[in-house]
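# Remarks on the overall topology
Next come the chains, spelled out residue by residue.
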Amino acid sequence: MLVILMGFSPVFFALNPDVDLARTSASLESLSAIVLSEADRPQVDKALYRNDAAKLLDYRQMVDSLRAHSDDKKLRVQVRKDLSGAIKLLEKDFFDPLKVSALSPEGKTKAAPHFQTLRDTVEYAPNWVRVVIALCLGIGTMVGWKRIVVTIGEKIGKTHLTYAQGAAAELVAAGTIFLATQVKLPVSTTHILSSGVAGAMVASGGTQNLQRSTLTNIALAWVLTLPVTFVLAGLFFVVFRLFL
């Protein structure tokens, strides 16, 4: 839903309106200083660190320009685009221990709160959006619950789902979703739960306890969802661009 709102009003939803850009600017400056200090360590790529430090100062200058020209819509969208890309690239470079550009433990500790400030600037959702999404999901489940329950509980396995199997599947689903949330991986609750139910069925009766036709349909839905939505979104964009 937030993506849709950003499409209709990209300037307003580009950056978190509740975040003080002065704080964002200060965090970029602090990060630059931290990264530059890391270049003094022995046996590191000093040029790489200095280049990243300079990039952070460039982002800071852009944020300061936006603070001085808050009505510049294009600059506001550009700041979001550049900061979002910088967060993903620099976090991966600085915090991945396998990267040659990884910061020292002390540097990571110092840099972490500043990266959080940058994320707060570009990664947010208003509370009313979260409430509306929860309501829509709840209402949708209330309307279509029977089909979901029948498919999950009766059509994945050849026998009805028992209480123990249901509890096992739900615990695995909850744990998987929690871990995915911690590492920020996008996952589907339905995919995880249906896989958990299938696993519980196999544990109780082997692979012969599964209904192949249902699993085939679910797998096809998983595979086709992304390409179909890509094509539909592209077609809608072309149509809307022609007539709006």
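Everything that follows concerns the structure shown earlier in this document.
Rules behind the numbers
Counting restarts for each chain, with residues numbered from 1 along the sequence as it is written. Residue-level local features of this predicted model are given only where pLDDT is at least 70; pairs of side-chain atoms are given and counted only at 80 or more, and the full residue set underlies all totals for whole chains, interfaces and linings. Values shown for side chains rest on all heavy atoms present in the structure; no hydrogens or waters enter the calculation. Think of it this way: any DSSP run of H or I at least four residues long counts as a helix, any run of E at least two long counts as a strand, and we number them from the N terminus. Only protein chains enter the area calculation, which uses a 1.4 Å probe; residues under 20% of their type maximum are buried, those over 50% are exposed, and those in between are partly exposed. Note on aromatic contacts: the rings of Phe and Tyr and the six-membered ring of Trp form a pair at centre separations within 6.5 Å, being stacked when their planes are under 30 degrees apart, edge-to-face when over 60 apart, and tilted otherwise. Only C-alpha atoms enter the line fits that serve as axes; for helices the fit covers just the stretch in contact. Angles between N-to-C directions range over 0 to 180 degrees. In these notes the angle categories are as follows: under 35 degrees is roughly parallel, over 145 is roughly antiparallel, 65 to 115 is roughly perpendicular, and the rest is oblique. Each helix crossing is assigned a hand: it is left-handed if the near helix lies turned anticlockwise from the far helix by less than a right angle, otherwise right-handed if that turn is clockwise. For this analysis, residues touch if any pair of their heavy atoms sits within 4.5 Å. In this classification, the charged set is Asp, Glu, Lys and Arg, the nonpolar set is Ala, Val, Leu, Ile, Met, Phe, Trp, Tyr, Cys and Pro, and all remaining amino acids, among them Gly, are polar. We define a salt bridge as a side-chain nitrogen of Lys or Arg found within 4 Å of a carboxyl oxygen belonging to Asp or Glu. The way it works is a 1 Å grid over only the protein atoms, where trapped points that fit a 1.4 Å probe form a cavity and open points with protein on both sides within 12 Å along at least five of seven lines form a pocket, and then any residue with an atom within 4 Å of a point lines it. Grid points are joined across faces, edges and corners, and a volume is the space filled by probe spheres set on the points.

The next thing to look at is unusual backbone geometry. Backbone geometry places Gln-43, a non-glycine residue, at a positive phi of 60 degrees. Relative to the elements of secondary structure, Gln-43 occurs in the loop between helix H3 (21-38) and helix H4 (46-68). With relative accessibility at 84%, the residue Gln-43 sits in the exposed group.

Here we come to the packing of aromatic side chains. Evaluation of the coordinates by the stated rule reveals 3 aromatic pairs. Centre to centre, the rings of Phe-95 and Phe-115 are 5.6 Å apart; their planes meet at 75 degrees, and the pair counts as edge-to-face. Within this pair, whereas Phe-95 is found in helix H5 (residues 73-95), its partner Phe-115 is found in helix H6 (residues 105-122), the two being separated by 20 residues in sequence. Among the residues examined, Phe-115 registers a relative accessible area of 1% and is labelled buried.

Moving on, we come to the packing of helix H8 (residues 163-182) against helix H9 (residues 189-205). Interaxial distance between H8 and H9 falls to 8 Å at its minimum, and their mutual angle equals 140 degrees. In terms of orientation, H8 lies oblique with respect to H9. The way H8 lies across H9 gives a crossing that is right-handed. Every residue of H9 that contacts H8 at Gln-165, Ala-169, Glu-170, Ala-173, Thr-176 and Ile-177 is listed here: Thr-189, Ile-192, Leu-193, Gly-196, Val-197, Ala-200, Met-201 and Ser-204. Here the contact of H8 with H9 is built from residues that sort into 8 nonpolar, 5 polar and 1 charged.

The tally for this structure, following the rule as stated, stands at 6 salt bridges. Arg-67 is paired through a salt bridge with Asp-64; the nearest N and O atoms lie 3.2 Å apart. Separated by 3 residues within a single helix, Arg-67 and Asp-64 lie in helix H4, roughly one turn from each other. On the basis of relative accessible area, Asp-64 is assigned to the partly exposed category, the value being 25%. Several salt bridges share partner residues, and in doing so they unite Glu-29, Arg-60, Asp-64 and Arg-67 into one network.

Below, the discussion takes up the layout of surface pockets. One number sums up the size of the largest pocket: a volume of about 580 Å³. Looking at the largest pocket, it is lined by 14 residues, and the ones nearest its centre are Ala-180, Thr-181, Lys-184, Leu-185 and Pro-186. Every element with two or more residues in the lining of the largest pocket is listed here: H5 and H8. Residues of the lining of the largest pocket, tallied by class, amount to 6 nonpolar, 3 polar and 5 charged.

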